[in-house]
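Structural overview for review
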Amino acid sequence: MRLRIPFGFSVVLLLAFIFLSLQLMSTALQESSPLSGLYSWLLLSNGIATLILLLLVSLNVFSLLRRLKNKEAGSRLTTRIVLLFIVLSLVPASVVFYYSLQFLNRSIDGWFNVELDAAMDDVLELSHASLEQRMSWNLKQSQQIAQQLKGKPRSEVSLDLEKMLAISSASDIALLSKTAKVLAFSGVVASDILPSLLVTPLFLQVLQGKEHVKLDSIEDELVVQVLVPLQLDNAYYLQIIYPIPERINDLTDSVEFAYVRFQEMTYLRHSLKVSFSLVLSLVLLVSLLATISIAFISMREIIAPIRELVAGTQAVAEGRYEQLLTVKRQDDLGFLVESFNEMVRKIARARNKARESALEIEQQRAYLEALLSSLSSGVLSFDAQLNIRKANQRANSILDVQLMRYFGQSLPTLSQGRSDLLALSAVLQPLLEKSDEVWQRNVLIDMPDGQKELLCQGSPLFSGEGEYIGAVVVFDDITDLIQAQKNAAWAEVARRLAHEIKNPLTPIQLSAERLQHKLLAKLDAEDAALLNRSIETIVQQVEAMKCMVNDFSVYAESGRNKVAKLDFVALVKEVIELYDTHINFMIHLQCPEDLPFIFADSVTLRQVLHNLFKNALEAVAGHGELRVILQPCWQDNSLYVQLSLYDTGCGVDLQQAKTVFEPYVTHKAKGTGLGLAIAKKIIEEHGGSIRLDMQYTGGAGFIVLLPAVTEKNISLVPVGLIKEKKDGI
Amino acid sequence: MRVWKNKYSFLIIFTLLSFTVFREGKASESWVSVQSLNWLEREDVRVLQLALDIKLSVEAIEAVHSGITLYWDISVKFSEPSVFMTGAVVFLQVERYSLRYDTLFNHYRVQNETKANLQVFSSLEDALYSLQMRQYQQPLVAFSMISSCVDAEIDLHFDIESLPIPLRPTAYFSSAWDLSTNKSLVCD
């Protein structure tokens, strides 16, 4: 765990230490201070503390630069404030520093001007001159004493020494031999038995006949030492010590001390300047660092709530409204934080309401989507400019187009890519443009898989304020309904025809055959032949009518299928074998091995296959080919078995295609027109479909879809499926 | 962490810079040095002959002539190598000398502050010479004689703290005031 010392606490501690040591240094600068011995240590410790402070400030500056680079909140404001603090403190501090330095230098220089220097030299010279004069006078006095003792014997001289001491101002007189041995001595202090000063090395000069005078000190008292030869063949010498008067001694000491002190101060002049400049610079640096530190500390206090505000703003921008800021201060920033919290609370409430509204709208939209999707009718909505805005899934399937691609585009644009929808556009667009009330139209459109009849109902849409905001068109595919109605009508006709026609046919046939039997023998050959031909014609026509009536009966009957799991491939192959006997009619079967089974009635489905194969054979007129393709097919998430039949006959034109599956519509010379109608009816009863493949141009092409047996529907009762279909019709 | 690395680097660089910038270039020749250090045995004493070379820089000479007293502490230590390399001290002498110029008498005073001996010289050279040739002796009895080996350690320390206060910071950082030396004579 890293120990973190607060920056503010460290700075305060360092500043206190620095100012204390500066104060101690100031005291220590006095030579007499007991702290003078600690001056260097104080200076060193002060320097180290300043360095630590500088380091701390530098770290903060580096940190600030890093935050500036990262564009952190509050970094620019901190920079500005710190710079402002520096400028505000540095300018006056620098001015004070400059003038203090100037004043100090001039003051120090003023202490040592030329006049003072010369005066000090003069004073010293005066002192020296005074002493030299004293020495000269003492020498002269000594010479006089030597003159008085001249010519006297050594013993007498020894005796006269005391007399000479009395009349002179000397403190002691000694008679010395040539070897500097004391021969006789007389001093003012009775206890003294030897001279107070020993003979100096300069005694050699005296040996050569020269006098010697020298200034010396005895116990810090100045004395004049004089050595003079006696005129006794220069064999004896006198050493006379003259004390300097006390007043002159004190003055000389004072002058010397002042001169030495002045010289010392003169020498230390540069060092003094350096020392004072150093201390002043230190004070300036410490002041600057203290200012910067205070700026940093102050800005930390100010920036902290701003950072929190920025973090809070970013949190709000990211959608986190639960993070409220802590109000730590009661000043303007605290008020700002409180206002921010209030704003965040209001935004959060508004956002929650908006979210709830959006959720509700979304639920409504989903509900509407589900509603539209569940509708069996197609729904198309248009905006105020009659551009397609919305469509449900059923509309896509009815029109066989992905209407989503045309959202925002007009209805005619839809028909540009689909010519079969041109009729729809042509009918609906004028109604949408001018209708301001509900309208209804039946529209016939030619789809690729046949003609469709749509029942369209339109209604303009208005906002709550009554403003026109678009229109909605609901349409249903009523083709099957119309077809069912037709089929039902035709079935009723067929049932009645069968009922009305079938009953008299047998009596007609029996009556004709009886007439032939009764009258044939009575007629001549010519009439008999006529009768035979007529009766044969009647019988043939009755048989034909019976067949037709049977067809009617088949068409009229419904739900006679006995559905079971059926191998459709095997059934197709059986039927193909029947038609494969025709030499010029080639049938090609193409089917996979693992084709699923179907639920179907083999009897009725065989009839369907017969009808289709028979039609193909008749279409190619006995010369041609029929291609039979069986394959699995997925449609509307259901598995089907698809049977495709392509012959090389005359084909079916577009006009014929519209009515090809309608009953009593035939384009052949012989035919009831019920073959394809019955086939369609049976297939639809099986839950399948049959349509013409209009893409095929080599003849006629039919595509039959029958529901396959899967794991899902294997448990279902097939009859139910058929019954349901029947009920739907 | 990178930030801490930078902080340490900054501290090291700053410390090095402060030592290189504030310290003036040292003269190629030192002002004070030990010229020779020899052992002599005379009858029953062991004598260490020490020859010092003491010169003063221009700044120091100027300071002396301006009345500033210079102080040296001359420390001499004899020791015998003993167990665990601790070194048993046989002889230790510390003497404090001062050099001062007397304006009135125009002579130089060399004083042994420890023994209060005063010597007066008419020239600076003579005064310095009095400090240079030194002898230290110790009776052989004082040594344990377990080993004939005796180490000598000489330390001539110029006392900057005795200089006037304004001069001290300059003296610490100026080679002109580097008037100290030390040397050891270690026997094999």
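Structure shown above.
Below, the structure is looked at part by part. (Residues numbered from 1 in each chain as written. Chains lettered and ligands numbered in written order. Predicted model: local features only at pLDDT ≥ 70, side-chain atom pairs only at ≥ 80, totals over all residues. Heavy atoms only, no water.)

1. Structural notes on the overall build of chain A
When you go through chain A residue by residue, the secondary structure sums to 19 helices and 17 strands. Taking all 729 residues of chain A together, 39% fall into the buried category. Within chain A, contacts between residues at least 6 apart in sequence are counted, and of these 60% link residues at least 24 apart. Here chain A has roughly 41900 Å² of accessible surface; of this, 58% comes from carbon and sulfur atoms. (Helix = DSSP H or I, 4+ residues; strand = E, 2+ residues; numbered from the N terminus. Buried < 20%, exposed > 50% of the residue type's maximum accessible area, 1.4 Å probe, protein only. Contact = heavy atoms within 4.5 Å. Areas by Shrake-Rupley, 256 points an atom, 1.4 Å probe, with all protein chains shown as cover.)

2. Focus: the sheet that holds strand S12 (residues 585-590) of chain A
Residues and elements named next belong to chain A. A sheet is described by the order of its strands in space; here 5 strands give the open sequence S12-S14-S15-S17-S16, paired in mixed fashion. Among the strands making up the open sheet, the edge pair consists of S12 and strand S16 (689-692). Across the sheet, the axes of successive neighbouring strands diverge by a mean angle of 20°, strand direction being ignored. Relative to strand S17 (residues 701-707), strand S15 (residues 638-647) runs antiparallel, the two sharing 7 bridges. Considered in S17, the bridge of Leu645 is made with Phe702. Relative to S15, helix H16 (residues 602-619) is tilted by about 25°, and along the sheet it contacts S12, strand S14 (624-635), S15, S16 and S17. (Pairing = 2+ DSSP bridges. Axes fitted to C-alpha atoms, helices over the stretch in contact; angles between N-to-C directions.)

3. Considering the interface of chain A and chain B
Counting residues at the interface gives 35 residues for chain A, matched by 25 residues for chain B. Carbon and sulfur atoms make up 69% of the surface buried where chain A meets chain B, a total of about 2500 Å² over both sides. Taken together, chain A and chain B are joined by 0 salt bridges. For the side of chain A that touches chain B, the secondary structure elements donating two or more residues are helix H2 (39-69), helix H4 (114-148), strand S3 (212-218), helix H7 (246-267) and helix H8 (269-317) of chain A. Counting residues per element, the side of chain A that touches chain B draws most heavily on H2 of chain A, which supplies 9 residues. Across the side of chain A that touches chain B, the residue classes tally to 18 nonpolar, 12 polar and 5 charged. (Buried area = accessible area lost by both parts, 1.4 Å probe. Salt bridge = Lys/Arg side-chain N within 4 Å of Asp/Glu carboxyl O. Nonpolar A, V, L, I, M, F, W, Y, C, P; charged D, E, K, R; others polar.)

4. Some words on unusual backbone geometry
Residues and elements named next belong to chain A. One non-glycine residue, Lys71, lies in the positive phi region at around 55°. Residue position: Lys71 is located in the loop between H2 and helix H3 (75-111). According to the relative accessible area criterion, Lys71 is exposed, its value standing at 66%. Look at Asp400: it is not a glycine, yet its phi comes out positive at around 55°. Checked against the element boundaries, Asp400 lands in the loop between helix H10 (393-399) and helix H11 (411-417).

5. Concerning the nonpolar core
Phe568 and Phe613 of chain A are the most contacted members of the largest nonpolar core, which has 53 residues in total. What Phe568 of chain A contacts, discounting residues up to four positions off in sequence, is Ile598, Leu605, Leu609, Leu630, Val641, Leu643 and Leu706 of chain A. Tyr267 of chain A together with Val34, Leu52 and Ala176 of chain B belong to the second largest nonpolar core, which has 44 residues in total. (Core = buried A, V, L, I, M, F, W, Y, C linked by side-chain atoms within 4.5 Å.)

6. Quick look at the pairing of strand S4 (residues 88-102) of chain B
Residues and elements named next belong to chain B. As judged from the 11 bridges shared by strand S3 (residues 70-80) and S4, these two strands associate in the antiparallel manner. Looking at S4, one finds that Phe78 is bridged to Phe91. Pairing geometry for S4 and strand S5 (residues 107-112), over 6 bridges, is antiparallel. Each bridged residue has a counterpart across the sheet, and for Arg100 the counterpart in S5 is Arg109. Adjacent in sequence and paired antiparallel, S4 and S5 are bridged by 4 residues, among which Asn106 carries a positive phi angle near 55°.

7. Remarks on a nonpolar patch on the surface
On the surface, a cluster of nonpolar side chains totalling about 500 Å² of accessible area is made up of Leu38, Trp41, Leu44, Ile48 and Ile52 of chain A. On the basis of relative accessible area, Leu44 of chain A is assigned to the partly exposed category, the value being 46%. (Patch = residues over 30% accessible without salt bridge, like charges linked within 9 Å, V, L, I, M, F, W, Y side chains within 5 Å.)

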